[in-house]
Protein chains: 6
Amino acid sequence: MFSVTVRDHMMVAHSLRGDVFGPAQRLHGATYVVDATFRRRDLDADGLVVDIGRATEELRAVLADLTYRNLDEEPALAGVNTTTEALARVIADRLAERARGGSLGGAAQELESVVVTLHESHVAWASYERPL
Amino acid sequence: MFSVTVRDHMMVAHSLRGDVFGPAQRLHGATYVVDATFRRRDLDADGLVVDIGRATEELRAVLADLTYRNLDEEPALAGVNTTTEALARVIADRLAERARGGSLGGAAQELESVVVTLHESHVAWASYERPL
Amino acid sequence: MFSVTVRDHMMVAHSLRGDVFGPAQRLHGATYVVDATFRRRDLDADGLVVDIGRATEELRAVLADLTYRNLDEEPALAGVNTTTEALARVIADRLAERARGGSLGGAAQELESVVVTLHESHVAWASYERPL
Amino acid sequence: MFSVTVRDHMMVAHSLRGDVFGPAQRLHGATYVVDATFRRRDLDADGLVVDIGRATEELRAVLADLTYRNLDEEPALAGVNTTTEALARVIADRLAERARGGSLGGAAQELESVVVTLHESHVAWASYERPL
Amino acid sequence: MFSVTVRDHMMVAHSLRGDVFGPAQRLHGATYVVDATFRRRDLDADGLVVDIGRATEELRAVLADLTYRNLDEEPALAGVNTTTEALARVIADRLAERARGGSLGGAAQELESVVVTLHESHVAWASYERPL
Amino acid sequence: MFSVTVRDHMMVAHSLRGDVFGPAQRLHGATYVVDATFRRRDLDADGLVVDIGRATEELRAVLADLTYRNLDEEPALAGVNTTTEALARVIADRLAERARGGSLGGAAQELESVVVTLHESHVAWASYERPL
């Protein structure tokens, strides 16, 4: 099995709902350093899992809709408790939707799965993996 | 599949038994930067794999019993060759025992597995994964 | 010249005032991974610049007053454009005040300066150095 | 499941063939920081997945045949588009061949798989996993 | 004293002239992860050393003239032994020239110096600092 | 001003003397990831601060006398409280002695200073700088 990973980041405000979150129930924020990993059984005719340049552009496009925002006020996230793991799923789902729409090129139809990892600090991170 | 990882560290002395270890048969030491990863199929009602704060406390508690010690003299490790990979198992087993005891909260009963990674330097690390 | 550095982090919401900030004028947030470096010409009688444990506690105490907050609403920061470099100064000033008050121990009176570095992402950080 | 990872690097020139590569069709180069991960179900009698010293030597030996070279002129890579993911496979295959030849010791026959990850920058990396 | 640092990278081929370089006399290559640090005594009216967005664009522009190239054939580098430390100076000089031309904004005229650090691997890097 | 840095590591046992050290008074250990930085005003005729290969060998030679040992029993360190900052000085002094002896080549006589940084974990490190 092969994989390719690209990294970018976003900077957001948000608050979390639920007693378990303690002080994180207050409005605060995070830089999420985001890794998107694309997995595939075989390489394409160019020797690629996915073009790193294109993957980078796709990740940037998905993060552009989230960064420099207060996620508590994003209509698309209404009702979502924006934990690190839940945001990993949001980003993975959006990347998957774009990949299915052809944004990563035709050969990318062979991709098996995508893993999105959000690093919220140097001591904590979360991931979500889903099929493509 | 979701995962959440938290990081901490411990600083220990030890020696390794066996010709394969060469100079590491002498009493020496290591800082182990320890990553504990909790894996789970679905998020709980709060949108969590496990609360990062609680996971951090659990990892700290497990490492508190090992750090600032000479592992060669720890009764609980008698007969264990304390290689990096063997220590990863010790820590994973202790985290698993605590999780089963409820230390990570009730919803943590849904956790599928824990992975513990010990970084012994910038150029070597070892992991152990086990079910929860 | 000797130095000792300890690392911790804080997670805050804020917005920046001024056209130069573009989208960062919106309410957003950041994880700041914070390094506090203490510099000193000679070691004390224990062979220390400053005790790492104590330095870690001091940094944690300073960050505890800022983390999990919306900095736009912090009275102590009223009128401050909370850029990364300005926050580095705020934290360095607070550490300096505590050090002068004796929180780092008597020998810490020999410290020459403190440097505070805030990493706002994997691709950008800022520092401020001041005398102690 | 256990794993042990060792890290080294190589510095090579190469060019890539295909319109998808844009400017990377020109002769350029890369530092690949290379992680080799060995996976195994149980530890051997010494408490090891594989001896870290030996694994480090094996990885160094494999990289010594590639580093400080122009890969476009390496006979062994003729016809290979030397993408990051394709190079991960080349290195994994060479490590596997050496392991089967006994270079990692007899107990290493129990290894299940090897994963090779090549970091081409701080924002992109690729992996290949294969059985041993 | 304040500083702001931004990070980017370039991927180049080159060879080095001189017996001291051993195998690096052959055509090979490197990824240089490049940090550009801008230093300044006081913050400007916006609370900035330099706008991180603008600094990032300037660094990208300078690296765009070098990346995905064989430095042995760059007319601008004719006669330069392109060691890591020499390339740090080339990049710092180009950033300085652009800064003096106003590319970082008027307030950037107050910048005292720029430091450029090139990481050639996880175990070696070089820096050059010059006044602005 | 130019600098070149190389990185290696050592793994040692030791204990610290003095109430300030709390649990670190017990025999424990550390991995020190060690960075040696050589500083110089101008480049030599080859375009170098110091040859990275030679600097790497020198650092390895100095660390070889310390690694895989219990520092409490090293005659050369008798009476030294082996704090991270004190060990940084020991290593810097040994590198300086070797450099003056010619181990880094004749041109290295132009080096101005050496900085040694010991990372004891992902959250704490110490440095010592001295002239050459």
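No experiment lies behind these values; they were computed from the predicted model shown.

Scoring rules and cut-offs
- Residues numbered from 1 in each chain as written.
- Chains lettered and ligands numbered in written order.
- Predicted model: local features only at pLDDT ≥ 70, side-chain atom pairs only at ≥ 80, totals over all residues.
- Heavy atoms only, no water.
- Contact = heavy atoms within 4.5 Å.
- Axes fitted to C-alpha atoms, helices over the stretch in contact; angles between N-to-C directions.
- Helix = DSSP H or I, 4+ residues; strand = E, 2+ residues; numbered from the N terminus.
- Parallel < 35°, antiparallel > 145°, perpendicular 65-115°, else oblique.
- Left-handed = near helix turned anticlockwise from the far one by under 90°.
- pLDDT = per-residue confidence, 0-100.
- Buried area = accessible area lost by both parts, 1.4 Å probe.
- Salt bridge = Lys/Arg side-chain N within 4 Å of Asp/Glu carboxyl O.
- Least-squares fit on C-alpha atoms with pLDDT ≥ 70 in both.
- Buried < 20%, exposed > 50% of the residue type's maximum accessible area, 1.4 Å probe, protein only.
- Pairing = 2+ DSSP bridges.
- Expected span 1.5 Å × (residues − 1).

S.K.: Describe the arrangement of the chains, and please don't skip the residues or the numbers.
M.R.: A gap remains between chain B and chain C, with no contact made and the closest C-alpha atoms lying 12 Å from each other. For the non-touching pair chain A and chain E, the nearest C-alpha separation works out to 12 Å.

S.K.: Before we move on, could you go through the packing of helix H1 (residues 52–64) of chain C against helix H2 (residues 84–100) of chain C and cite the residues and values that matter?
M.R.: All names here are of chain C. In the contact formed by H1 and H2, the axes pass within 10 Å of each other and the chain directions differ by 125°. Between H1 and H2, the crossing angle belongs to the class labelled oblique. Handedness of the H1/H2 crossing: right-handed. Contacts from Glu58, Leu59, Ala61, Val62 and Leu63 of H1 reach H2 at Ile91, Arg94, Leu95 and Arg98.

S.K.: Account for the confidence of the model for chain A, naming residues and giving values.
M.R.: Chain-level pLDDT for chain A is 96 on average; 99% of the residues reach the 70-or-more range. Quick note on the complex model: pTM equals 0.98, ipTM equals 0.96.

S.K.: Before we move on, can you summarise the interface of chain E and chain F with the specific residues and values?
M.R.: Contact residues are listed per partner, giving 17 residues for chain E and 16 residues for chain F. Across the interface of chain E and chain F, roughly 1,400 Å² is buried in total on both sides, 55% from carbon and sulfur atoms. Per-residue buried area on chain E facing chain F is highest for Val20(E), Glu85(E) and Trp125(E); these three make up 42% of the total on that side. Across the chain E-chain F interface, the total number found is 0 salt bridges.

S.K.: For the relation of the copies chain E and chain F, give the residues involved together with the corresponding values.
M.R.: Both copies of the chain are tied together by a single rotation about an axis and a shift running along it. Note on the identical chains: chain E maps onto chain F by a rotation of 120° and an axial translation of 0.0 Å, with an RMSD of 0.0 Å. The operation mapping one copy onto its partner corresponds to a three-fold rotation axis. No C-alpha of chain E lies nearer the rotation axis than that of His122(E), which sits 8.8 Å from it.

S.K.: Break down the pairing of strand S5 (residues 124–131) of chain C for me, with residues and values.
M.R.: Of all 8 residues making up S5(C), 6 are buried, and the element is well covered by its neighbours. Note that strand S4 (residues 113–121) of chain C and S5(C) share 8 bridges and pair antiparallel. Counted as the bridge partner of Ser121(C) is Ala124(C) from S5(C). With antiparallel pairing between neighbouring strands as the criterion, S4(C) and S5(C) make up a hairpin whose turn holds 2 residues. Where S5(C) and strand S1 (residues 2–14) of chain E come together, 5 bridges link them in antiparallel fashion. Considered in S1(E), the bridge of Trp125(C) is made with Thr5(E).

S.K.: Mind laying out the relation of the copies chain C and chain A, listing which residues take part and the relevant values?
M.R.: Turning chain C through 180° and shifting it by 0.0 Å along the axis lays it on chain A, with an RMSD of 0.0 Å. Interpreted geometrically, this transformation is the action of a two-fold axis. Take the interface residues of chain C: 100% of them recur as interface residues in chain A, which is what a same-surface contact looks like.

S.K.: Now, about helix H2 (residues 84–100) of chain B: what can you tell me, with residues and values included?
M.R.: Over its 17 residues, H2(B) runs 24 Å from end to end, which matches the ideal 24 Å to within 8%, given 1.5 Å per residue. When we look at burial in H2(B), the residues that qualify are Thr84(B), Glu85(B), Ala86(B), Leu87(B), Ala88(B), Val90(B), Ile91(B), Ala92(B), Leu95(B), Ala96(B) and Ala99(B). Where H2(B) is buried, its residues touch strand S1 (2–14), strand S2 (28–40), helix H1 (52–64), strand S4 (113–121) and strand S5 (124–131) of chain B together with strand S1 (2–14) of chain D.

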